[in-house]
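# Summary of structural features
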Amino acid sequence: MYALHPATVHIPIGLLLASSLFTFIALRTGRMQWEQSSFHCLIFGLLGAVIAMVSGLIDAARQVTGPQITPDGPVIMWINGHAAASLAATLCYGRIWLMRRRRPSLLTDSTQRNAYLGWHVAGIVLLVLGGWLGGRLVFEFNLGRL
């Protein structure tokens, strides 16, 4: 059976990163249409992230239950790191969604805006880290390949 997870991660990663990029563009240019696009990317990115997490759990359960992978081996540590970073990134973007949903005029208040941008930066860092760890699982440990 083909691994589902590698096929489901690219769109959510792109949408969540685009959400952050569009927020920074909105602040730089003053055009709030970018912030509206950012919010839409955020919603669809979070929905895709849930699908990616479910497929990741299914693939991990299927691929690491064999005798070739030991519970204390390096593969399990890499999988746990990837899962933790990706979950933390999703939670950061979930917090961003809540902040934006509760207060649409968030970018006009400097205190709220700084916290909002801080969550975006944390989400970017964790998302890139989770993606990098996932790439290592694919290319170094051959997980998720045919």
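One structure accompanies this document, and this report is about it. Owing to the predicted nature of the structure, the values given are computational and were not obtained by experimental measurement.

## Some thoughts on the pattern of salt bridges
- Considering all chains together, one arrives at four salt bridges under this definition.
- Between Arg100 and Glu35 there is a salt bridge, and its shortest N-O distance comes to 2.8 Å. Of this pair, Arg100 sits in helix 4 (residues 74–102) while Glu35 sits in helix 3 (residues 33–63), and the two are 65 residues apart along the sequence. Considered together, Arg100 and Glu35 belong to a single accessibility category, that of buried residues.
- With its nearest N and O atoms 3.1 Å apart, the salt bridge here joins Arg62 to Asp59. With a gap of three residues between them, Arg62 and Asp59 both fall in helix 3, about one helical turn apart.
- Take Arg62: its relative accessible area is 32%, and that puts it in the partly exposed class.
- Its relative accessible area of 5% is what places Asp59 among the buried residues.

Conventions we followed
- Residues numbered from 1 in each chain as written.
- Predicted model: local features only at pLDDT ≥ 70, side-chain atom pairs only at ≥ 80, totals over all residues.
- Heavy atoms only, no water.
- Salt bridge = Lys/Arg side-chain N within 4 Å of Asp/Glu carboxyl O.
- Helix = DSSP H or I, 4+ residues; strand = E, 2+ residues; numbered from the N terminus.
- Buried < 20%, exposed > 50% of the residue type's maximum accessible area, 1.4 Å probe, protein only.

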